[in-house]
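Understanding the architecture of this molecule
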Amino acid sequence: MFRCLGIESSCDETAAAVVEDGTKVLSNVVKSQIDIHTAFGGVVPEVACRSHMEAIGPVVEKALSEADLTLDQIDAIAVTHAPGLVGALLVGVSMAKALSVASGIPLIGVDHIYGHMYANRFAFPDTQYPIINLVVSGGHSSLYLSRSEIDHDLLGSTVDDAAGEAFDKVAKILELGFPGGPHLDKAARGRDPKKVYFKRTYPEEFDFSFSGIKTGVLYHVRGQKGKGSLTLSPDEIADVAAGFQEAVVDMLTKQTIRAAKKHSVPRIAVGGGVACNSRLRVKLTAAAKKEGMEAYFPPPKYCTDNAVMIAGIAWPMSKAGLYSDLSLDAVPTKVYRATRPN
Ligand code: KG4
Ligand code: ZN
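H112 (NE2), H116 (NE2) and D305 (OD) make up the full set of protein donors to the zinc ion (ligand 2), lying at 2.0 to 2.1 Å. The sequence pattern describing where the donors of the zinc ion (ligand 2) fall on their chain is H-x3-H-x188-D. Of this pair, H112 sits in helix α4 (residues 112–118) while D305 sits in the loop between α11 (300–303) and α12 (308–319); the two residues are 193 residues apart in sequence, bridging distant segments of the chain. The exposure class assigned to H112 is buried, which follows from its relative accessible area of 5%. On the accessibility criterion, D305 (14% relative accessible area) is buried.

Turning to the site of ligand 1, a few remarks are in order. Residues in contact with ligand 1 amount to 19 residues; listed here are only the nearest, G138, D168, G181, D185 and G273. Contact between ligand 1 and H116: an oxygen atom at 3.1 Å from a side-chain N or O atom of the residue. A distance of 3.0 Å separates a nitrogen atom of ligand 1 from a polar side-chain atom of N277. For ligand 1, whose accessible area on its own is 550 Å², the fraction buried by protein is 90%. Every element with two or more residues in the shell around ligand 1 is listed here: α4, α6 (163–173) and α7 (180–188). A per-class count over the shell around ligand 1 returns five nonpolar, eleven polar and three charged.

The strands making up a sheet are joined through hydrogen bonds of the backbone, oriented either antiparallel or parallel. With mixed pairing, the five strands of this open sheet are ordered in space as β8-β7-β6-β9-β10. Looking at the sheet topology across the chains shown, the edges are occupied by β8 (151–157) and β10 (294–296). Across this sheet, the average inter-strand angle for adjacent strands is 25 degrees, counted without regard to direction. Of the strand pairs in this sheet, strand β7 (residues 141–148) and β8 are connected by six bridges, and their pairing is antiparallel. Pairing of L145 across the sheet is with D153, part of β8. Strands in contact with helix α9 (residues 234–262) are β6 (131–136), β7, β8 and β9 (267–271); relative to β6, the strand with the most contacts, it is inclined by about 155 degrees.

Counted by the stated rule, this structure contains zero disulfides. Free cysteine C303: the closest other cysteine sulfur is in C276, separated by 4.3 Å. Since its relative accessible area comes to 0%, C303 is described here as buried.

Thresholds, definitions, all that
- Residues numbered from 1 in each chain as written.
- Chains lettered and ligands numbered in written order.
- Predicted model: local features only at pLDDT ≥ 70, side-chain atom pairs only at ≥ 80, totals over all residues.
- Heavy atoms only, no water.
- Donors = N, O, S within 2.8 Å, 3.2 Å for Na, K, Ca; no water.
- Helix = DSSP H or I, 4+ residues; strand = E, 2+ residues; numbered from the N terminus.
- Buried < 20%, exposed > 50% of the residue type's maximum accessible area, 1.4 Å probe, protein only.
- Near = heavy atom within 4 Å.
- Polar contact = N/O pair within 3.5 Å; in protein donor to acceptor, adjacent residues only side chain to side chain.
- Areas by Shrake-Rupley, 256 points an atom, 1.4 Å probe, with all protein chains shown as cover.
- Nonpolar A, V, L, I, M, F, W, Y, C, P; charged D, E, K, R; others polar.
- Pairing = 2+ DSSP bridges.
- Axes fitted to C-alpha atoms, helices over the stretch in contact; angles between N-to-C directions.
- Contact = heavy atoms within 4.5 Å.
- Disulfide = S-S within 2.5 Å.

In structure tokens:
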């Protein structure tokens, strides 16, 4: 039996969880900072770090007590060490190291993105590999060809904004609230997505680009210089939201299906906060089905940031001997670029 305590603090959620043998969730504690950041309309890194500092101890204690375990019954401590806000990451990494030193329990440093890809294992533990993974979150939008839970080749990524970032910025332009993704998804529900059209951009296979559409929305609602005030009615705003969402979903869907076809992989898994998006779930599932492929989405609670995915992936990592020592560092950005033939 392998019981792992997972810790996650890369952005604005302080989270801890205990998972047994990679898929059995014994506890899942997430303390969101949404309320704190709403006043600023976005995540303020310094505020996030201070909030993690206050929450980390109680959150870890709660994860252990909800699992009905004490630290000495834990086999490994896994922690997100990259990528994310460096100060935020440091809080989780320092906590994990301190617990590891004090208890002698081994440490596993986890890449947050790999965690997002692992999240589907909780709902679909028997999914076969290879699989095409689409990770779409507030900080990342990437496609991977995955050969196992811990073996991922990057096929492409965003050349500018992440998909979630685009949702958040456009929601801000449309004054829909923070965090933007869920609000925009809700506003667009039931609207005709063809009423307002935004140009789709397809950079080199299999990259994404979302900054053009963000500017397109800004000019559409605030005039050519983007400086006018928002004078649209709530119905018109909802139509712009639906048109924007449809364009982003089309771009994500098309590149993902292309990647799956090119690599002859009939399975697609989606992860990250944007995997909650209702339209993406419908359209990507339908597009995959049309091509004879399967598309998998984790339950929403495992799409957004959580520590279950971190404690979960530690299991295959431990089997592969991927433990960390005390030199484990908080790494804000891991700049992966796809390797392409000339
Ligand atoms: O994975 P996540 O919790 O944090 C990062 O690792 O970035 O993703 C958060 C992102 C935010 O940009 C949020 O607006 C977006 O996921 N998001 C959504 C939806 N729910 C969350 N975007 C579109 N539609 C949603 N329903
Ligand atoms: Zn994330």
